[in-house]
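Working through the structure, step by step
Spelled out from the first residue to the last, the chains are:
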Amino acid sequence: MSNPQILAHLIADWKDKKPDLDVLTFVDIDPAGQFVTETRTYRQLWENGQRLAQWLQQQGLQKGDHFALIMANHPEFVDLMVASSILGAVFVPIDPRTQGEKLRYMLEFAECKGAIVTEPALDALNSAWQGRDECWRLLVGQSQHGLPGTTDIIAATQPLPELSIVSEDPREAMQLLFTSGTTGDPKAIVTAHERFAAGKSVGEVLELTEQDRPYTGLSLTHANAQIITLGSTLYMGLRGVISRKFTKSRLWDITREFGCTVFNLLGGMTTALYAEPVKDNDADNPVRTILSAGMPAQIWMDFEKRFGVRLTEFYGAAEGGLTFNPFGVGPIGSCGKPPANLEMAIFTEDGRRARPNEAGEICFRNADGSAPPVSYFKNPEATAKKVSEGWLRMGDIGHVDVNGWLFFHFRKGGGIRRNGDFINTAYVEKALSGHDSIDDVFVYGIAIEGGAPGEKEPVAAIVVKDDFDPRSVFQHCAVELDRNSVPQFLQVVAEIPKTASEKPQERFLIDAFNPEAGNIYNLSDYPG
């Protein structure tokens, strides 16, 4: 029986109703600055999914097995989501910039039997899987380096296999979605099919119609782009547009070229767009609504006026919990209120419900009083901690006003949130400690004036040797870390202040931080 909460069933149904609708347009920008596009119809998603599912099956992939998707926003990402759903397998999306020990950990922890990878990320994958010949590899695009490619599989002339859809229960695992890992190794959220299907309800909150064209440049390796943009597009039968990656300088050009009417911004992306030079045609665009998370109240109304858009603010996480502040409804600066199926509460450190305007941890439960289902792969302790005493604990601090509107403050525990992602400082410190000129390192975050609420720039406090060269350190970080984790500042100190138990004392470093001081080196001063 067909169940539209399961992606493969959804695509199978749509390919009978609207087989040739160009449901997805993928946009890349060539060296000359021209748009290069690929499209997917529902028919193509189904047929490509079938052929890729057959290939995966031939590699021995069975229901419940895990495999990695290491790629940016390529159309094959969605093809493979469909293939995985057909087989009842579990895909593990990984940012293609991930490398080194972090990539090795994620692949091994998730028990990936193989990986589909883009050519630029192949060396990192081979390094992480050195000696793991039993793990298969499939390249996105043409076959090369002695590996098969998705293009050849999709273009096969053999009859379409028409495999039966194995996935049946929408509560079963669809993917393992890694968290950013702010306090240690990243956790893997077991995400069910029905969670992806929530994209339809998000589209309904935004009042999307067939005339709307959603857009995203956010990574499909995160729940945000998957659920809010891809999910709403596929479930509502719209025509979505997806960039290979986010580009603030060409965002408005893309929306004009493809007639996009709604897109999503996270954290520092809002201020980055606002900081772009003012243009005469800023408001000359087809966008009517921007769904933002972290729009600073100071620029909220000016942003709307400058770009001629309506802002809807939201708050949520991959594990669950959700609030919306629709355009013109709630106060500026608020993340909103939960939908009718959720109850929200703010709890103080001593466990009582916070009073209006009193800060505490943001928590959610279902409206019927039950706890939202959350499961971390192979981590029952973290699961129990995340959902304790019947509440989903978000790990974020905020308050509600007298009318119940939520205002976000910061991440509990002091993690660094940058451009909507949380940075694991342990990985940054490990990378820096591998540089020959660094004796000691501690990474923390510092709020920058005018930045998005709750966001910080990473600062690496370092004790250095005589041969210290800031350019060399920044270049080392660029090789060892994904771009978002590279420190914005190096703070050279004689010693890192620590407690008797060797715990670094962040507050002293923050007090001593002065971006104009001679011991502070800014990444922006070392291009390339």
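Just above, that's the structure.
In this report, the structure presented in the accompanying data block is examined. Because the structure is predicted, anything quoted here is derived from the model rather than measured.

As for the side chain of Asp-95
Structurally, the position occupied by Asp-95 is in the loop between strand 4 (90-94) and helix 4 (100-109). The exposure class of Asp-95 is buried, given its relative accessible area of 16%. In this view, Asp-95 contacts Ile-70 and Thr-221; residues no more than four positions away in its chain are not counted.

Quick notes on the sheet that holds strand 13 (residues 310-317)
In space, the 8 strands of this open sheet follow the order 2-1-10-9-11-12-13-14, with mixed pairing throughout. One side of each edge strand has no neighbouring strand; the edge strands of this open sheet are strand 2 (35-40) and strand 14 (320-325). Across the sheet, the mean angle from the axis of one strand to that of its neighbour is 25°, orientation sign disregarded. One ladder, built from 4 bridges, connects strand 1 (residues 24-29) with strand 10 (residues 240-243); its direction is parallel. Counterpart to Phe-26 in the pairing with strand 10 is Ile-242. Together, strand 11 (262-266), strand 12 (289-293), strand 13 and strand 14 form the strand contacts of helix 12 (residues 300-307), whose direction differs from that of strand 13 by roughly 125°.

Focus on unusual backbone geometry
Phi is positive for Glu-111, which is not a glycine, with a value near 60°. Within the secondary structure, Glu-111 is located in the loop between helix 4 and strand 5 (112-117). A positive phi angle, near 70°, is found at Asn-357, a position not held by glycine. Here Asn-357 lies in the loop between strand 15 (342-347) and strand 16 (360-366).

Calculation notes
Residues numbered from 1 in each chain as written. Predicted model: local features only at pLDDT ≥ 70, side-chain atom pairs only at ≥ 80, totals over all residues. Heavy atoms only, no water. Helix = DSSP H or I, 4+ residues; strand = E, 2+ residues; numbered from the N terminus. Buried < 20%, exposed > 50% of the residue type's maximum accessible area, 1.4 Å probe, protein only. Contact = heavy atoms within 4.5 Å. Pairing = 2+ DSSP bridges. Axes fitted to C-alpha atoms, helices over the stretch in contact; angles between N-to-C directions.

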